[in-house]
Amino acid sequence: MKKMLTTAFATLVFATPTLAQNVRVDVTNLSNAIYFTPLLVATHPESTHLFEGGSPASANLQAMAEGGDTSGLIADLMGISADISDNPAGGLLVPGASTHAIFPKGGQNTHLSLVAMLLPTNDGFVGLDALEIPSSEGIYTYFLNAYDAGTEANDEIINGGGATGTPGIPADPGGNSGTGGSGVTTTENNTMVHIHRGVLGDMDPVAGKSDLTTNVHRWLNPIAKIVITVN
Amino acid sequence: MKRNSSFILATFLLAMFFLQGCSDSDDNMSTGAEERSYEVTVLNLSHNQPFSPVAAIMHGAAYQGMTLGASASTALEVLAESGDNSGFLADASADAAVSDTTSGTGVIISGAQGTMSLTGSETLLTIASMLVNTNDAITVLNGIELGQMLKDETMTLHARAYDTGTEGNSEAASDIPGPAAGGEGFNAARNDRDFISVHPGIISMDDGLSSSALSESHRFDNAVAKIMIRRIS
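Calculation rules
Residues numbered from 1 in each chain as written. Chains lettered and ligands numbered in written order. Predicted model: local features only at pLDDT ≥ 70, side-chain atom pairs only at ≥ 80, totals over all residues. Heavy atoms only, no water. Helix = DSSP H or I, 4+ residues; strand = E, 2+ residues; numbered from the N terminus. Buried < 20%, exposed > 50% of the residue type's maximum accessible area, 1.4 Å probe, protein only. Contact = heavy atoms within 4.5 Å. Areas by Shrake-Rupley, 256 points an atom, 1.4 Å probe, with all protein chains shown as cover. Polar contact = N/O pair within 3.5 Å; in protein donor to acceptor, adjacent residues only side chain to side chain. Buried area = accessible area lost by both parts, 1.4 Å probe. Salt bridge = Lys/Arg side-chain N within 4 Å of Asp/Glu carboxyl O. Nonpolar A, V, L, I, M, F, W, Y, C, P; charged D, E, K, R; others polar. Pairing = 2+ DSSP bridges. Axes fitted to C-alpha atoms, helices over the stretch in contact; angles between N-to-C directions. Phe/Tyr/Trp six-rings, centres within 6.5 Å; stacked < 30°, edge-to-face > 60°.

**Q** Mind laying out the overall build of chain B, listing which residues take part and the relevant values?
**A** A tally of helices and strands in chain B yields three helices and 10 strands. Order of helices (α) and strands (β) in chain B, N terminus to C terminus: α-β-β-α-α-β-β-β-β-β-β-β-β. Looking at chain B as a whole, 48% of its 233 residues qualify as buried. Of all intrachain contacts in chain B linking residues separated by at least 6 positions in sequence, the fraction that spans at least 24 positions is 76%. Carbon and sulfur atoms make up 56% of the accessible area of chain B, which totals about 10300 Å².

Here you go:
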């Protein structure tokens, strides 16, 4: 009993200053069957962009979008003294699930970005590009779109291909996919970062064009919700 | 006494704040007569839907280029079915509530952007552009208020795709004017439900519409455009 009280007291003391001056970011996966690979959430100066619509993906963004590897983007962010939350969900953020990250308030890191690869896609990712964090205390809700990095043709073939430049989709964590797809396309019309057109899928588990399943894997934007609590 | 001094100081600072606020208002709030200039950049976020030359209009509340849920004007129908914005801009120019109109210089392909400038005393912005590999899809900003923007301030908005409702979404080669088909543009017949709605998207030949001239690459989700506005004077 005494130990419990001590713990409770310690939590209270610890929690009070944290609540007083921070920014909490809650993230929810709004898709039906698309998994987010380990999230990268960060606060940083206004001029920083992990990605920008209409611009080519950096090599580090490409590695995240094609294979879920955020290490290069994290190195980029460490170089500019960003505040980083690496993998707040401790793995995949499954459809319907939420996680959160907490950042210090004030200072140079006034803007918020978030990226994670969408599985199963070729190079789709959920993205937030340098949103200005509200300065007034309050609770702010935003909805995020799915982007296409523009670096890989959306063939919709699940073959384990997650390395940069390797065609194909690494995996479907939900196990809802088929096999034997002939490939949806071999070309990428828009090679800049753009809004993902969605997946085609098919209803044939052993053949067809796609290894994805039309009535399971499709989504419409928004694909994620974030709630920013400024304390 | 010390407390009184603090209070007086605070009051003084507060008064300064309000004085400064008033001065800002005089410079920056809409008066209905002051000329302002804006730079409007439209970025195409779609995968394979070129945008027709953008129509951009600065106007007051008495002008409305379109009403969601209502029937489109003939000029908007022409824009949405063929990409020709000249009639839509001419209609706007003839409206007393419009202070400036301009056309983008050309087609904006996917991943590219186009910039135009507008100068006028009114502070609402309307833009419209056709997604040319469709029957009658447009992307629109419908009367966005810019009057609160300070000089050099920027604002970023995302725009979705609407279905103008004037042409059925056949996706047939004969009906789609863009590079995917090269078919007919404007046709005065209204063979759709005749009101503006959020676009339901492209089906495509790859998803079972065998008569479609469009492939899966022409599908889109929202937002289809990112629009960056900067007040330059």
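**Q** Lay out the side chain of A:Thr121 with the relevant residues and their values.
**A** Residue and element names in this part refer to chain A. Mapped onto the fold, Thr121 is located in the loop between strand 6 (111–119) and strand 7 (124–132). On the basis of relative accessibility, which here comes to 2%, the residue Thr121 falls in the buried class. Among the polar contacts made by the side chain of Thr121, one reaches the main-chain amide nitrogen of Gly124 at a distance of 2.9 Å. When residues no more than four places from it in sequence are discounted, the contact partners of Thr121 are Ile169, Pro170, His196, Val199 and Trp219.

**Q** An account of unusual backbone geometry is needed here, citing residue identities and associated values.
**A** Backbone torsion omega between A:Leu119 and A:Pro120 reads 0 degrees, so that peptide bond is classified as cis. Relative to the elements of secondary structure, A:Pro120 occurs in the loop between strand 6 and strand 7. A cis amide bond links B:Asn222 with the next residue in sequence, B:Ala223, at an omega value of 0 degrees. Following the sequence through the fold, B:Ala223 ends up in the loop between strand 9 (197–198) and strand 10 (225–231). The backbone phi angle of B:Asp152 is positive, close to 75 degrees, even though this residue is not glycine. Residue placement: B:Asp152 occurs in the loop between strand 6 (137–145) and strand 7 (154–159). One non-glycine residue, B:Ser204, lies in positive phi territory at about 85 degrees. Within the fold, B:Ser204 resides in the loop between strand 9 and strand 10.

**Q** So what about the interface of chain B and chain A? Which residues, and what values?
**A** At the interface, 20 residues of chain B touch 24 residues of chain A. Both faces considered, chain B and chain A share a buried interface measuring about 1700 Å² in area, 43% of it formed by carbon and sulfur atoms. Broken down residue by residue, the surface that chain B buries against chain A is led by B:His47, B:Arg219 and B:Asp221, which jointly contribute 38%. Across the pair A:Arg218 and B:Asp207 runs a salt bridge, and its minimum N-O distance is 2.6 Å. For the interface between chain B and chain A, the tally reads 12 residue pairs in polar contact (both at pLDDT 80 or more). Class assignment of the residues belonging to the side of chain B that touches chain A gives a composition of five nonpolar, nine polar and six charged.

**Q** Summarise the sheet that holds strand 2 (residues 55–59) of chain B; cite the residues concerned and give the values.
**A** Residue and element names in this part refer to chain B. A sheet is described by the order of its strands in space; here six strands give the open sequence 3-2-5-6-8-9, paired in antiparallel fashion. What marks the edges here is a single partner per strand, and that holds for strand 3 (98–103) and strand 9. Here strand 5 (residues 124–130) pairs with strand 6 via seven bridges, running antiparallel. Looking across to strand 6, one finds that Leu124 is bridged to Glu145. Sitting on the sheet, helix 2 (residues 74–82) touches strand 2, strand 5 and strand 6, and the angle it makes with strand 5 is about 45 degrees.

**Q** Residue-level account of the environment of B:Ser217, with values.
**A** Its place among the elements puts B:Ser217 in the loop between strand 9 and strand 10. Separated by 169 residues in the primary sequence, B:Ser217 and B:Asn48 place their C-alpha atoms 6.1 Å from one another.

**Q** Would you mind going over the pattern of salt bridges in detail, with residue names and values included?
**A** What the rule picks out here adds up to 11 salt bridges over all chains. Here A:Asp26 ties to A:Arg24 by a salt bridge, and the two come within 2.8 Å at their closest N and O atoms. The closest approach of N and O atoms between B:Glu77 and B:Arg190, which form a salt bridge, is 2.9 Å. Here B:Glu77, found in helix 2, pairs with B:Arg190, found in the loop between strand 8 (161–163) and strand 9; they are 113 residues apart in sequence, far enough to count as distant. On the basis of relative accessible area, B:Arg190 is assigned to the partly exposed category, the value being 27%. Three or more residues joined by partner-sharing salt bridges are found here, namely A:Arg197, B:Glu216 and B:Arg219.

**Q** Explain the packing of aromatic side chains to me, using residue names and the numbers behind them.
**A** All names here are of chain A. Within this structure, the stated rule accounts for three aromatic pairs over all chains. Ring geometry for Phe51 and Phe125: centres 5.0 Å apart, planes at 80 degrees, overall edge-to-face. With Phe51 in the loop between strand 3 (40–44) and helix 2 (59–67) and Phe125 in strand 7, this pair connects stretches of sequence that are 74 residues apart. With respect to class, Phe51 is no different from Phe125; both count as buried. Joined through ring pairs, the aromatic side chains of Phe51, Phe125 and Tyr147 make up one cluster.

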